Each structure stands twice: as C-alpha cells, then as structure tokens.
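Chain residues, written in single-letter form:
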Amino acid sequence: MDLTRRRFLELTGSAAAAALAHELFGLPELNAQNTGAGKPSEALSALAEVALARAKKLGATYADIRINRYRDQVVALRSTPDLATGKLNHVPAVRDTGSFGFGVRVIANGTWGFAASRIVTKDEIARVAAEAVAVAKANSALQKQPVRLSPVKAYVDKYTTPHQRNPFDVPIAEKLALLERANAEVKAVPKVFSANSTLVAHSEDKFFASSEGSRIQQYILQCYGQVTAAARDLERRVSRQRNYSPSPYTAGWEAIEEHDLPGNGRRIGEEVVEHLSAPPVTPGRKDLVLMPNHLALTIHESIGHSTELDRALGYEANLAGTSFLTPDKMGKFRIGSEIMNIQGDRTLPRGMSTVGYDDDGVKATEFDIVKNGVFQHFQTIRDQAHLVGEKESRGCCYADSFDSIPFQRIPNVWLKAGTKPMTLDDLIAAVDDGILIDGRGSWSIDQQRYNFQFGGDAFWEIKGGKKGNMISRVAYQSRSTDFWSSFEATADQRFWQNHGLTSDGKGQPTQINAMSHGSSPSLFRRINVLLTD
C-alpha cells in the first residue's frame, strides 16, 4: 500500500495525540478506593485554566471544559460450517479504536454555547473557548428565559472504576482462546448450526473543570461478553437463536471471568435446539414470571424514559418523544402496585451509568423515582432542577463524546427486591397458567412510553405451579400503568441481579449511552400474551 502524504500526516498526528493523552491522563489505578480525596492531573488543570480564563474575559458568566480520551475494543469469533464441505470455519474479528479531544461549554447572555476540537493545545483551547462564547451570544437572540443552574459544591477529586485487571491489558490471543472455548461448547450440541461470541471493552478518561472551582478526573471502565447459538430447520424454514448475555458492568476483566462464557455455551446450545421445535404459545391473558435480564428492558422503556424531565417537558418531542408523566403528577400519580419501588442511581456498584461525578460536576447520587407505586421524582440536571421546584440536580448529565454537548440521560434505574423471603420457585409455584420469560427480544413502545409490546429470548410454559417445556413465538402487550399495577410479587435480595444496556440513543444529533436496570425475578398477573410471526 502506498503511503500518501495525507495518510502520513494522519498517522503521525494520531500518534502524537495518543502520546499526549497518555502523558496527561497517566495509567488508571487498580483496586481504586475512591475516598473523595484524589488528586487530578496538574497538567490537565493547567490546560483547563486557559479555557475558563478566556471564556470569562469574553463575558461568560459560567464555563466548563471536558478533556476526554476514549478507547473501544471489540473481539469477536464466528464459528459457522462451510455449506459445501461442512468444515467448521472460525472467523475472528478485532476492532480497536480511540479518540481524544475537548469540549467547552459556556453561559453568556444567559444562554448556553458549546464548541469542541480534537487538537488539545493551549492555543486551540483558547480559540474554541472564544467560539463557544460567540455561539452563546448568537443563540441568546432566541432565548426566552436565562439559563438557571442549581448550586453545586466545588469538588477537587479523582475517581476510578474499581477493577482488578484492565481488559485492555489482556492479550488478544487470550481473548480469542476464550471465545473459541465458548463456541466449541455451543457447537458440541448436535443440530446447532453456528456459534458467535463477542468481548467488548470501553474506557473513558475524562477531566472536568468549571469556573465554579471543580477539578475532577475520572477513569470509567466498562466490559462485557456474549455468546449466541443458532439452530435452523431447513425443511420448515425456521431458525432460532439463544443468547447468553450476562450483564455489562463497569468493572475489569474479572467480571468476564465470573460470567464463564464457555460454561454456559452447552446450555444455550441445548436450549436453542429445544426452542427450534417448541410449540407456539396459546395467546390470551396469562401470568408472567420475568427474569431480571428480561425485565431490564421493560424497566428501561416504560420507566427509564418516561421519567426523563426533558421528555416530559417536550424538549425531545422531535425524535425521542414525550412522556405520559408530567410535572403535575410528581408525588401523587400512581404508576403501579404498592410493592413497586424504583431508584435512580449513579452510585450502584458495577452499574453501567455509575461514575463519581456527572458532566455538570455533580457528585453521583441515588434518589426515589417510584415509591410504593407512586411517582416521586424526574431525572434532572443542573439547568432543569428549578423547572420542577427542586433545589438540586439529580446528577443525570452526561455526553457520549468530547464533541457532544452534555444533556440529561438515564441513570441506573432499578427495581428494589422484595422484603419478604421469596424465591424464583415460589413465584412459579404461585402461577396456574403462565409463562417464564428469560432474556431480551423484540420490543415496541409508543412515543409517550405508555403502550408497549415486548418479546423475549426464551420462554417456558408454567402450568399448575410447575415449569414445563419451552414454547415459542411469545410476546406480551400492555400499558405502562396497567402492567405495573399487575406487579404482584418479586423475589428477595438473594435473587436480585443487575443488568446493563449499552446502546441507548437520544438527542439530535443522536448520542449513545449505557445504563443498568436491576431487579429480582418478578410476577405480573393477567397480561395479554400474543402469538408472534
């Protein structure tokens, strides 16, 4: 391949940026204790001062800067037989990408302005800060009310996702060997057509400084793995998949090892073959026992999105939609049964939205979204709190890149476990005619997050209090308030599981973020079940 001048400059520029980022951020700390007394990089603080001083000189009443470095690695292995020879082909794929840059946000003339660049030098930071102020002043012609920020303490701290082994330090060969063992277990089951497995690691070095005195450096680390088995019946022209998708975590390689991908390969191989010949569901009103890895998406769509304040106020109506919940319903609107208690939380251990501080510089916190079935609080950020009569932000501000403007996103939103001793077997024993649903499937929900339909990854019939054989082609349909009002029981804390989602999109331009939705296995009565496809 010929090396063009343009390509040469791109490569040398990328190498210089990578070296600078490494020098600025340093190596992440293993087994971090996060005492609240960490010391951020002095070099990053010095760069930030350039932006803050420039913005103030040009008339900004508030300014902050985020200097961020990202790295994403995906290692995958597809094991599929050659259609002509039957020989098993293992096709690996490796992608390792990164980015580095900064964004400056200001308030001038009572209006937000934002600008960003991937050239991290003092001159460029000063230029971009001036551009952000100019954007704010231009936007102010359309501003009806000046931006109001809720107060926040000035923090000087360093936070690191607790982890024992950084997944980026694990050799690619070791990762591929793990995936090959997982795929081999899946393929050991007769009638399984193919196996696919994936390992993902994501890191974010982020430094935040504000004109109010905060200097915060963070290292956020996420990783997860997945194995998929596929089976097909060519005569009936039917195919099925079964996934083992343990929760994504903010954690290190130790979480991947805990998930034991090879150890679950044989199980999902056997289940996908059973699913291939499973009879279709008989539609009608049935009781549902939903596993945590399934209920996570239902919580996300029906409660996570509906309690975003910007949606409720119509700010996201163009793309994401609005909400059936409005500010006048806070503290008095019943969403579900008395046992429905849902938390908003950015402190949850291993939660995918767990951080030390949000992108407003607000310390991570936990709050009631639903208490005893009654809606309590929206998710908010600093410039929203006063809109619902609150004095503090709920710490839900974040962006997916240095060149994306931070805005309100879903934190970890999780359902509390039952307070009385109860097991999954107890829930099944309480069902005469129902379905046990595991894993995620197709879904659909309206723009107000009110009418919905969800599928799943695997389904078992429950008859007379006993778990029976697998069934297929299942979906259920309800309205958010009807569904949560039918919530009758949930297993206790011993069975509570966290489950992360990694690709939640919102905003224009769209931003992608991650969060977790934990729960225990839960029982819902008399839900409308559909026969699909």
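The shown structure was predicted, so the numbers you read here are calculated from the model rather than taken from an experiment.

Asker: I tried to follow the environment of Ala-16 on my own but got confused; where do I start?
Answerer: In this structure, Ala-16 sits in helix H1 (residues 5-25). Note on Ala-16: relative accessible area 49%, which makes it partly exposed. Taking C-alpha positions, Ala-16 is 48 Å from Gly-455, a pair spaced 439 residues apart along the chain.

Asker: Quick question: what am I supposed to make of the state of the cysteines here?
Answerer: Two cysteines whose sulfur atoms are joined by a covalent bond form what is called a disulfide. Under the counting rule described, the total for this entry stands at zero disulfides. The thiol sulfur of Cys-396 is not disulfide-bonded, and the nearest other cysteine sulfur, from Cys-397, lies at 9.1 Å. Accessibility expressed as a relative area gives 0% for Cys-396, which makes it buried.

Asker: Quick question: what am I supposed to make of the sheet that holds strand E10 (residues 366-371) here?
Answerer: Paired through their backbone hydrogen bonds, the strands of a sheet run either parallel or antiparallel. Strand order in the open sheet made by the four strands is E11-E10-E9-E14, with antiparallel pairing throughout. This sheet does not close on itself; its edge strands, each paired only once, are strand E11 (374-375) and strand E14 (412-415). Bridge count between E10 and E11: two bridges; the pairing is antiparallel. When the sheet's bridge partners are listed, Lys-371 is paired in E11 with Val-374. Here helix H7 (residues 292-304) sits on the sheet and contacts strand E9 (342-345), E10 and E14; the angle it forms with E14, its principal contact strand, is near 115 degrees.

Asker: Can you help me understand the pattern of salt bridges in this one?
Answerer: It is possible for side chains bearing opposite charge to pair when their charged atoms get close. Inspection of the entire model under this criterion finds 31 salt bridges. With a shortest N-O distance of 2.9 Å, Glu-124 and Arg-127 are connected by a salt bridge. Separated by three residues within a single helix, Glu-124 and Arg-127 lie in helix H3 (residues 122-139), roughly one turn from each other. Look at Arg-127 and you get partly exposed, because its relative accessible area is 42%. In this structure, Asp-310 and Lys-506 form a salt bridge, with 2.8 Å as the shortest nitrogen-oxygen distance. In this pair, Asp-310 sits in helix H8 (residues 309-312) while Lys-506 sits in strand E22 (residues 500-506), placing the two residues 196 residues apart along the sequence. Residue Asp-310 shares its accessibility class with Lys-506, and that shared class is buried. Here the salt bridges share partners, and the residues they tie into one network are Arg-242, Arg-267, Glu-271, Asp-438 and Asp-457.

Asker: How should the pairing of strand E20 (residues 474-479) be read in this particular structure?
Answerer: Put simply, side chains in a regular strand alternate between the two faces of the sheet. Where strand E17 (residues 451-454) meets E20, four bridges bridge the pair, whose relative direction is antiparallel. Across the sheet, Phe-454 pairs through a bridge with Tyr-476, a residue of E20. As paired elements, E20 and strand E24 (residues 522-531) share four bridges and run antiparallel to each other. By the bridge assignment for E24, Gln-477 is matched with Asn-528.

Asker: I'm lost on the layout of surface pockets in this one. Help?
Answerer: Over the atoms rolls a probe the size of a water molecule, and its path tells where empty space is left. Roughly 950 Å³ of internal volume is contained in the largest pocket. As for the largest pocket, its lining consists of 30 residues, of which Trp-112, Tyr-315, Glu-316, Asp-383 and Phe-407 are closest to the centre. For the lining of the largest pocket, the class distribution of residues is 12 nonpolar, 11 polar and seven charged. Of the voids in this model, the second largest pocket is the one considered here, and its volume is about 820 Å³. Contributing to the lining of the second largest pocket are 36 residues, with Ser-245, Pro-246, Asn-293, Asp-438 and His-499 lying nearest its centre. A breakdown of the residues in the lining of the second largest pocket according to their chemical character gives 15 nonpolar, 14 polar and seven charged.

Asker: Would you mind showing me how to read the nonpolar core here?
Answerer: One recurring pattern in soluble globular proteins: nonpolar side chains tend to sit buried together. Ranked by internal contacts, the top residues of the largest apolar core, which has 45 residues, are Ile-435, Tyr-476, Phe-483 and Trp-484. If you look at the next biggest cluster of nonpolar residues, it comprises 28 residues, including Ala-21, Leu-44, Ala-48 and Ala-60.

Asker: How should empty space enclosed by the protein be read in this particular structure?
Answerer: In this structure the tally under the stated criterion is three cavities of 30 Å³ or more. Space inside the largest cavity adds up to approximately 70 Å³. Along the walls of the largest cavity sit Phe-25, Gly-26, Leu-27, Pro-28, Glu-29, Lys-158, Tyr-159, Thr-160, Asp-205, Gln-217, Gln-218 and Tyr-219, which together make up its complete lining. Elements with a minimum of two residues in the lining of the largest cavity: strand E4 (156-160) and strand E6 (215-233). Within the lining of the largest cavity, the residues separate by chemical class into five nonpolar, four polar and three charged.

Cut-off values and rules
Residues numbered from 1 in each chain as written. Predicted model: local features only at pLDDT ≥ 70, side-chain atom pairs only at ≥ 80, totals over all residues. Heavy atoms only, no water. Helix = DSSP H or I, 4+ residues; strand = E, 2+ residues; numbered from the N terminus. Buried < 20%, exposed > 50% of the residue type's maximum accessible area, 1.4 Å probe, protein only. Disulfide = S-S within 2.5 Å. Pairing = 2+ DSSP bridges. Contact = heavy atoms within 4.5 Å. Axes fitted to C-alpha atoms, helices over the stretch in contact; angles between N-to-C directions. Salt bridge = Lys/Arg side-chain N within 4 Å of Asp/Glu carboxyl O. 1 Å grid on protein atoms, 1.4 Å probe; cavity = no way out; pocket = protein on both sides within 12 Å on 5 of 7 lines; lining within 4 Å. Points joined across faces, edges and corners; volume = space filled by probe spheres on them. Nonpolar A, V, L, I, M, F, W, Y, C, P; charged D, E, K, R; others polar. Core = buried A, V, L, I, M, F, W, Y, C linked by side-chain atoms within 4.5 Å.

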